[in-house]
8 protein chains.
Amino acid sequence: MDPTTLRELLESVARGEASTQDAFDALARLPFGDIEEAKVDHHRALRCGFAEVVLCEGKSPSQVRSIAREILEHGDVFLGTRASAAHFQKVAQVASDARYFEEPRILLVDRRAERPALGHIVVATGGTADQHVAEEAAISAEVMGNRVTRLYDVGIAGVHRLLAHIDVLREANAIIAVAGMEGALPSLVTGLVSCPVVAVPTSVGYGANLGGIAALLGMLNACASGMAVVNIDNGFGAAALASRINQMVAKA
Amino acid sequence: MDPTTLRELLESVARGEASTQDAFDALARLPFGDIEEAKVDHHRALRCGFAEVVLCEGKSPSQVRSIAREILEHGDVFLGTRASAAHFQKVAQVASDARYFEEPRILLVDRRAERPALGHIVVATGGTADQHVAEEAAISAEVMGNRVTRLYDVGIAGVHRLLAHIDVLREANAIIAVAGMEGALPSLVTGLVSCPVVAVPTSVGYGANLGGIAALLGMLNACASGMAVVNIDNGFGAAALASRINQMVAKA
Amino acid sequence: MDPTTLRELLESVARGEASTQDAFDALARLPFGDIEEAKVDHHRALRCGFAEVVLCEGKSPSQVRSIAREILEHGDVFLGTRASAAHFQKVAQVASDARYFEEPRILLVDRRAERPALGHIVVATGGTADQHVAEEAAISAEVMGNRVTRLYDVGIAGVHRLLAHIDVLREANAIIAVAGMEGALPSLVTGLVSCPVVAVPTSVGYGANLGGIAALLGMLNACASGMAVVNIDNGFGAAALASRINQMVAKA
Amino acid sequence: MDPTTLRELLESVARGEASTQDAFDALARLPFGDIEEAKVDHHRALRCGFAEVVLCEGKSPSQVRSIAREILEHGDVFLGTRASAAHFQKVAQVASDARYFEEPRILLVDRRAERPALGHIVVATGGTADQHVAEEAAISAEVMGNRVTRLYDVGIAGVHRLLAHIDVLREANAIIAVAGMEGALPSLVTGLVSCPVVAVPTSVGYGANLGGIAALLGMLNACASGMAVVNIDNGFGAAALASRINQMVAKA
Amino acid sequence: MDPTTLRELLESVARGEASTQDAFDALARLPFGDIEEAKVDHHRALRCGFAEVVLCEGKSPSQVRSIAREILEHGDVFLGTRASAAHFQKVAQVASDARYFEEPRILLVDRRAERPALGHIVVATGGTADQHVAEEAAISAEVMGNRVTRLYDVGIAGVHRLLAHIDVLREANAIIAVAGMEGALPSLVTGLVSCPVVAVPTSVGYGANLGGIAALLGMLNACASGMAVVNIDNGFGAAALASRINQMVAKA
Amino acid sequence: MDPTTLRELLESVARGEASTQDAFDALARLPFGDIEEAKVDHHRALRCGFAEVVLCEGKSPSQVRSIAREILEHGDVFLGTRASAAHFQKVAQVASDARYFEEPRILLVDRRAERPALGHIVVATGGTADQHVAEEAAISAEVMGNRVTRLYDVGIAGVHRLLAHIDVLREANAIIAVAGMEGALPSLVTGLVSCPVVAVPTSVGYGANLGGIAALLGMLNACASGMAVVNIDNGFGAAALASRINQMVAKA
Amino acid sequence: MDPTTLRELLESVARGEASTQDAFDALARLPFGDIEEAKVDHHRALRCGFAEVVLCEGKSPSQVRSIAREILEHGDVFLGTRASAAHFQKVAQVASDARYFEEPRILLVDRRAERPALGHIVVATGGTADQHVAEEAAISAEVMGNRVTRLYDVGIAGVHRLLAHIDVLREANAIIAVAGMEGALPSLVTGLVSCPVVAVPTSVGYGANLGGIAALLGMLNACASGMAVVNIDNGFGAAALASRINQMVAKA
Amino acid sequence: MDPTTLRELLESVARGEASTQDAFDALARLPFGDIEEAKVDHHRALRCGFAEVVLCEGKSPSQVRSIAREILEHGDVFLGTRASAAHFQKVAQVASDARYFEEPRILLVDRRAERPALGHIVVATGGTADQHVAEEAAISAEVMGNRVTRLYDVGIAGVHRLLAHIDVLREANAIIAVAGMEGALPSLVTGLVSCPVVAVPTSVGYGANLGGIAALLGMLNACASGMAVVNIDNGFGAAALASRINQMVAKA
């Protein structure tokens, strides 16, 4: 049974064409998400890889190509995260307008008309080595329709630059703070602003940083309140949360 | 030097009463947070225990009494988290209007005039055993001036009740989802709504739940995007973040 | 809307008493589990504490009493796991026929008519100290309608007694093997029989047993195939799985 | 002494050809598994690599070739798991009919006559990246004589497809549910069916997934009861357990 | 079938009183360990609690009393480790000659005739806080018939005393070295002697000692070769190994 | 042989009273630390419990009393760390001038003449709950002859007070920075001064702080350079290192 | 606003050229570290990568080249740690006088005039495999202006050589002790000298050394007091701390 | 001072050629291990890499060549463990009689005259993949002068073969049992014999075996007593301990 036919099913019951027993049986098996109005399941699926945004890592290039083709048949945007050059080459076979961002490993096909970027999300990072994670966050947030300002460490100025741009920080509806090592940046940023802060621990560091666990634990145990944490190196996840916040404020 | 006198200092320089060298020396030592306009340091201090909100655990009852007395001399609200009955008794000696919430272990003195609660935060939990963490979140959020709806497991219905109240969920500006064991609730909730979700892992469970680490890891690795995580059992931290989000939307 | 009224809803649509739009709206919010036929959600809820089987640990005695009262209003059996004496006393106030098994910490109210126990589940344990976990499994399995044979270490004979009862082991449809320390029993049992084996690691031991993690890891890495593992000390969980297996075979 | 000669040994004692002392000495050293009737030890050995099923990882191609040759001298089926292409090439030298399944890394020689596949095992996975583990399970189960249905994520539909195939799920005697990240699939499946569910955590994910530990912990702590867990990425182990269940039901 | 009757069984086959089929069936179920000559299973059982040496922790006082009674019916020595005073009181009811060593928590009934202690085992410890573990090792070793010399830290001298007794160390057939904190003693001792050294990490320490894991890891990674490690605080285990070594040398 | 007689031994060789062979034999067994000049071994022993400073935890009150008596027979100061009231009571029996500091759990007998405190060590802590660890450090440092300034969080000001006392910080020869939760204080302090900083992680916090491991990891991974870390809650260890630094500078 | 203009700003206020409001606004945003006198932020930044010392790992060669160019425009020394040959090649394009130390992976440009090396730091290591970490420490310390003596294991003598050079050890103001495996060297050294010891655990070893965690834990739990620990393999961090100590003593 | 001159020193004191003060000063710095008689330090050094046995991993080929050359100048045997082919090639330049065992990664130069192998050590392993670790143990033990019997899994028979060779096992003075996965072999062997057993966990396995930690924990928590454990994959360490045992028995 086609899920969009719930309304039709009810109407056929109303018209006496379907028995209540048939309708009952059909409904008992009907997935919640198939109910016409409920787009939520598609929404929820974002990260799991079967709609619009696809985690490419762990999938073969051919698999990603198939998924991209299917998504682009029904939609006009495809965002692949953690994509390799091999993923890109396969996808480019079915979408010649595919673009590949090498450092953040993002694979993008965007055929939508120009849209105004809404609100304001700041993506901050103190260390150059955290930049690829920050870019995953920034590009993902832009693809989701948000206006994004990058505050990366360029050259010598670190905390300096952060504070020099305090006006930018204070205009943000949400801030994504990316940091490795002991992961202190989000805590610092949270103390400077009143908007929500999304902390992204990175695997940058060595020794007892345990692949980012040290930064993750530091952020979870931060004194500063008003922040929350996503998985290690999960720039996309931070963008998805910041986008929810920013879109709500921008549309309020 | 009294931090609020920055403006006065500058004026005395302007009036020629202070030398630039004296001003320079004073400024070189002036903490950033003492600058009049910058309330942020107080904001940042919230969780660390030296302003308004105090983590009582690890402090002696006498220490908490001293802190409460000092805070209430300058302000009209004191919120103590993880407070014991002994903490309450000592604080009641200096604040007869202190209230104690036993299960969430909250100690509250609130002398503010009645204020309208802003916006809408939903605090959800499926399991009865997670309730004390959820209450820490809910009361904290209310003290911070947010309108809060509780969606706790009452009786048999769990997911049932959640879905039955989907209208409530969809009206929220932010949802706090509290869960122990495998920690699946936040992921489920995130899939049902478009507002940001703050996930709180609890230490409820046994065996390989590792004091809440299993729930924490589950939430960090959730497929659903649009959520972030605070520390295990950290109801207050979730409230602080949800409050930031809700206040921004409500005031937008 | 009352979930059991799905059929009625459809009938009122069929009778023209409800509009299809009203029905559509109701259905869009209707939890899957509320559909009459689908007992699965209740089934799934077993362990989460809102249906028949309640994990008492982490809940106050009053909370458990309320839950028990509600369950017993609609049903005739209540099984509480990890219950304390205090839980029992409160529940006994609303169910004078409540029984308490002290060592396995089980709280049981069973008002069902005598039923024949089906099939055959063996619960085996080599060490006396594992017995309370094994009893949680055995009693739970019995409450679920299975015939259970206990093969506990009584006195000196361990492996001896196991092998002496190899006929019993080979008649089982499922075996629950409970073990602490290095957790070798399930692997041994799996090698002796052809039925499925459910391994339960216990927290029995000391030092680097890490609260049962050593036994859990040992079982997960066992050479023997044909077994699977539940959480540390989770006798109930093992019973639930063994019951599913045994009921399927017995009813096949 | 050849183990199959137990019966002969007894007969030679009966005929007075062997002294009871000789028989006693022989028996004192006779491994249990060598007793003719007791095939169980061979069964137990399955995963350890000395009978029919061989874990190729960690063995050199030459070693695997030797083992395969020896197994195929006495039997008509050889199943190698976690085999590399190099393993395959060596084995193909002694078994030209060897087949290699690249993604699940399975090496198979099957010279048995066509046999009907018994019962019904469903192998389910939501994510494309979990597929190679699922295939290890599915092919292993088929080799063991079970009828297998694959419910993999093909394209966009995930939960959707699962629910759309709920009839298939409900016809299964056992379900193998394979999942990475937070590992929620088995819990979801367990709530939908009444047959036993074998959960396989995979190492798919990144950051704090800890090589599959996060999924493993999630499954061990799942609210749903009626499931058990095998080692991370252990598709074969899941198949072995599911096969035991399915064969018992099918032959009951 | 009574296991000691293997010889009889063979003889009845020889006499033609039992059919070979009956004998075959009996043997197929006969546990290996029951074969008269093979005392090994009893040997192996030592630590698991069903023969002579019983780990009391995790067992109720009544259970230990039952086990002690049974052991003492057939033998003349009972050694209980990790026993509480409550265990002792119960056992004293059935064995008035039971002795209790409070600090090492050992419960002993020894009715054997005086025997000469063989060979030489040294039990060394640098820290006073490790003494209870060392005593568990020393008493256990003595009960097993070994001559034991204690080299405990008495007063100020630590390494001093160790070196002052280097003659004693060099006369030992085996040395048990007990240490907490960073666990360096066994490594030091191993460098001073040529006999085997059994290292026992203790849970003494705090902070990042992780309940003895730090000492355990230190010992496993020691530069010195000629030593091996037992479980944290496992004085008995060390004694059992040292006893095997000492008995072999003494009887060589 | 009495170690202080090395010089005498050599002299008796010089006088021809001892043969070179006897001297050789004696020397072969002479512990290095016993050589008259070499006080280092006593120094090294400080923390291990057999000289002057005794870790009381894990020792019985009677054992500590014996050790204290022995130390005070030869010296005029006894410092016990992690002492309980019971330890104090026993020691007071043999040293009526013993003092007990309850919160830092320090037991002190100091019969030395008044000495000038040398140099300058600052002990800083932001949180009230870290105070007992800081006091262990401060008192220990004072007992070792160092001038100590405490910069504890008193009342509302945290970072504020730290910065307000920047002159004090800059006058220090060494700073001990004590912190729990994410452990950011030492990193902050290190950035403000040019003297060495000793970081002490505390077990203050909850949830994923893992008993201080989070703070420890944060400090080990800190961006700031010029600091090092001691064990969790190890105030004494920090004092011992800071004392070495301060004494060197003060005496330079 | 240029940070060095604070004095100018104050002077322009004093001259009435700037309004107090403008000055207030400027100051509210002025980073603390920009205040002329306060070099501390630059100091603190050392390790974070934006001043003089740059952690190259995790940065692309081009990024490091840009940073080096910028640093060398304003200064005359650039120190890159954990640099690859690719990093070196890029930097050599903008600094032909760049030198590369392959084993310790150090990239150095030093254009300063010859300066006398101050004080005395000893870098000790017992194992050849720890040498690259020790060299990172030694070269870093030299670049920071300290006199450094290396005590590496050359050939057969280990502890031998250490003791043979005890005079050198005792002349040091600070000792850096580098060790892998169980990490016992720093504890040994600390017992031989009275100066502070900085312990560097290395990832040398295998099995349960857990990438250096075993050595780290051993050092944190060492009996010897007077030492502290830096991150695994963090030679530079040890040098920075030892330099602080040595410079203080040398300049006292 | 040359350590072998202790005797000479004493003699020169006896002859009055050296003053007692000079002798005292010399002795105060004399390392214990340099005292002529005490070979123990060389013994202790075995594993650390500066005497006869060298852990090649982590050392450059050139470094190993230098060490080998130096060792072979003074001795007639060089044993390198964990050596790569590159190590071998460099060593072959200075020792043309060097042999390389590829799988166990052993590098051997043995110029000693034929010696009778003493006693009896059995090296057992059930899985083919554990063989390289077992060979490291076996060859090391042989180099140390022990007679070694290998009981490896050849073909199908595992436990079978072990039991079939029970006579061999019972003739051993020490058994090295090597196992991965759940690490059950040593426990099984310990139950079959009365000699000491050295357990070697291997990193063989996958998923939650955690690189051998699962096997290590299993062995540490084994019920069987009479065994101890060395580091993961540490075949050499097991050989060193077994050699100590075997030599003692053989020479008793």
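On a predicted model such as this, the values are computed, not experimentally measured, just so you know.

1. Here's the deal with the overall build of chain A
Moving on, step 1. On a plain count of helices and strands, chain A comes out with 11 helices and nine strands.
Moving on, step 2. Burial status across chain A gives 63% buried among its 252 residues.
Moving on, step 3. As displayed, chain A has an accessible area near 8600 Å², and 50% of this comes from carbon and sulfur atoms.

2. Concerning the side chain of Thr190 of chain B
Moving on, step 1. Tracing the backbone shows Thr190 of chain B in helix α9 (residues 185–190).
Moving on, step 2. If we skip the residues at most four places from it in the chain, Thr190 of chain B touches Arg244 of chain A together with Val197, Ala224, Ser225, Gly226 and Met227 of chain B.

3. Regarding the sheet that holds strand β4 (residues 106–110) of chain F
The strands that make up a sheet are held in pairs by hydrogen bonds between backbone atoms, and each pair lies either parallel or antiparallel.
Residue and element names in this part refer to chain F.
Moving on, step 1. In spatial order, the strands read β1-β2-β4-β3; together these four strands make up an open sheet with mixed pairing. Every other strand in the sheet has two partners, leaving β1 (53–55) and β3 (99–101) as the edge strands with one partner each. In this sheet, adjacent strand axes meet at a mean angle of 20° when their direction is disregarded.
Moving on, step 2. In the packing of helix α6 (residues 131–143) onto the sheet, the strands contacted are β2 (77–81), β3 and β4, and the crossing angle to β4 comes to about 15°.

4. Section: the interface of chain D and chain B
Moving on, step 1. Taken residue by residue, the interface counts 14 residues in chain D and 14 residues in chain B.
Moving on, step 2. Summed over both partners, the interface of chain D with chain B buries about 1100 Å², with 63% contributed by carbon and sulfur atoms.
Moving on, step 3. Contact with chain B buries area across many residues of chain D, yet Glu182, Leu217 and Asn221 of chain D alone supply 50% of it, more than any other trio.
Moving on, step 4. For the pair chain D and chain B, the interface holds zero salt bridges.
Moving on, step 5. Here chain D and chain B share eight residue pairs in polar contact (both at pLDDT 80 or more) between them.
Moving on, step 6. A total of four residues in the side of chain D that touches chain B trace back to one element, the largest contributor, which is helix α10 (residues 213–220) of chain D.
Moving on, step 7. In terms of residue class, the side of chain D that touches chain B is made up of nine nonpolar, four polar and one charged.

5. Some words on the interface of chain A and chain B
Moving on, step 1. Contact with chain A, which involves 42 residues of that partner, is made by 41 residues of chain B.
Moving on, step 2. Viewed at the interface, chain B and chain A are joined by zero salt bridges.
Moving on, step 3. Seen at the junction of chain A and chain B, the total is 13 residue pairs in polar contact (both at pLDDT 80 or more).
Moving on, step 4. Counting only elements with at least two residues in the side of chain A that touches chain B, the list comes to α3 (40–45), α8 (166–171), α9 (185–190), α10 (213–220), β9 (227–229) and α11 (235–251) of chain A.
Moving on, step 5. For the side of chain A that touches chain B, the leading source of residues is α11 of chain A, giving seven residues.
Moving on, step 6. Taken together, the residues of the side of chain A that touches chain B break down into 27 nonpolar, 10 polar and five charged.

6. Considering the relation of the copies chain A and chain B
Moving on, step 1. With an RMSD of 0.3 Å, chain A superimposes on chain B once it is rotated by 179° and translated 0.1 Å along the axis. In symmetry terms, the pair is related by a two-fold rotation axis.
Moving on, step 2. A symmetric contact is evident, with 98% of the interface residues of chain A recurring at the interface of chain B.

7. Let's talk about the pattern of salt bridges
Opposite charge on two side chains permits pairing when their charged atoms draw close.
Moving on, step 1. Under the counting rule described, the total for this entry stands at 48 salt bridges over all chains.
Moving on, step 2. For Arg112 of chain D, the salt bridge is made with Asp110 of chain D, and the minimal N-O distance between the two is 2.9 Å.
Moving on, step 3. Look at the salt bridges and you will find they share partners, linking Glu135, Glu142 and Arg150 of chain A into a network.

8. Digging into the packing of helix α4 (residues 61–74) of chain H against helix α5 (residues 85–94) of chain H
Residue and element names in this part refer to chain H.
Moving on, step 1. Between α4 and α5, the least distance of the axes is 8 Å, while the angle of their chain directions is 40°. Judged by the inter-axis angle, α4 sits oblique to α5. The two elements α4 and α5 cross, and the hand of that crossing is right-handed. In this structure, α4 uses Pro61, Ser62, Val64, Arg65, Ala68 and Arg69 to contact α5, whose residues at the interface are Ala86, His87, Lys90, Val91, Gln93 and Val94.

9. Topic: the domain arrangement of chain A
Interface size is commonly expressed as the accessible surface area that is lost when the partners come together.
Residue and element names in this part refer to chain A.
Moving on, step 1. Under the domain assignment used here, chain A contains domain 1 (3–21 + 28–110) and domain 2 (118–250).
Moving on, step 2. Of the residues lining the interface, 12 residues belong to domain 1; the matching set on domain 2 comes to 12 residues.
Moving on, step 3. Summing both sides of the interface, domain 1 and domain 2 together bury roughly 1000 Å²; the carbon and sulfur share of this comes to 68%.
Moving on, step 4. Our enumeration of links across domain 1 and domain 2 arrives at one salt bridge.
Moving on, step 5. Residue Arg82 pairs with Glu136 through a salt bridge whose shortest N-O separation is 3.9 Å.
Moving on, step 6. Taken together, the links from domain 1 to domain 2 amount to one residue pair in polar contact (both at pLDDT 80 or more).
Moving on, step 7. Secondary-structure elements contributing two or more residues to the side of domain 1 that touches domain 2 are β2 (77–81) and β4 (106–110).
Moving on, step 8. Here the side of domain 1 that touches domain 2 is composed, by residue class, of seven nonpolar, two polar and three charged.

10. Quick notes on the pairing of strand β6 (residues 146–152) of chain G
Residues and elements named next belong to chain G.
Moving on, step 1. With five of seven residues buried, β6 is to be regarded as a mostly interior element.
Moving on, step 2. Where strand β5 (residues 118–125) lies against β6, six bridges are found, and the strand directions are parallel. Among the inter-strand pairings, Ile121 is bridged to a residue of β6, identified as Val148.
Moving on, step 3. Remark: the β5/helix α6 (residues 131–143)/β6 crossover connection has right-handed handedness.

11. Notes on the sheet that holds strand β1 (residues 53–55) of chain A
Residues and elements named next belong to chain A.
Moving on, step 1. Here we have four strands laid out as an open sheet, ordered β1-β2-β4-β3, and mixed in their pairing. What marks the edges here is a single partner per strand, and that holds for β1 and β3 (99–101). Looking at each pair of strands side by side, their axes are set apart by 20° on average, direction ignored.
Moving on, step 2. Bridge count for β1 against β2 is three bridges, and the pairing is parallel. Across the sheet, the residue bridging to Val53 is Leu79, located in β2.
Moving on, step 3. Lying on the sheet, helix α4 (residues 61–74) is in contact with β1, β2 and β4; it crosses β2 at an angle near 155°.

Cut-off values and rules
Residues numbered from 1 in each chain as written. Chains lettered and ligands numbered in written order. Predicted model: local features only at pLDDT ≥ 70, side-chain atom pairs only at ≥ 80, totals over all residues. Heavy atoms only, no water. Helix = DSSP H or I, 4+ residues; strand = E, 2+ residues; numbered from the N terminus. Buried < 20%, exposed > 50% of the residue type's maximum accessible area, 1.4 Å probe, protein only. Areas by Shrake-Rupley, 256 points an atom, 1.4 Å probe, with all protein chains shown as cover. Contact = heavy atoms within 4.5 Å. Pairing = 2+ DSSP bridges. Axes fitted to C-alpha atoms, helices over the stretch in contact; angles between N-to-C directions. Buried area = accessible area lost by both parts, 1.4 Å probe. Salt bridge = Lys/Arg side-chain N within 4 Å of Asp/Glu carboxyl O. Polar contact = N/O pair within 3.5 Å; in protein donor to acceptor, adjacent residues only side chain to side chain. Nonpolar A, V, L, I, M, F, W, Y, C, P; charged D, E, K, R; others polar. Least-squares fit on C-alpha atoms with pLDDT ≥ 70 in both. Parallel < 35°, antiparallel > 145°, perpendicular 65-115°, else oblique. Left-handed = near helix turned anticlockwise from the far one by under 90°. Domains from an automatic or database assignment. Right-handed = clockwise from strand over helix to strand, strands pointing away.

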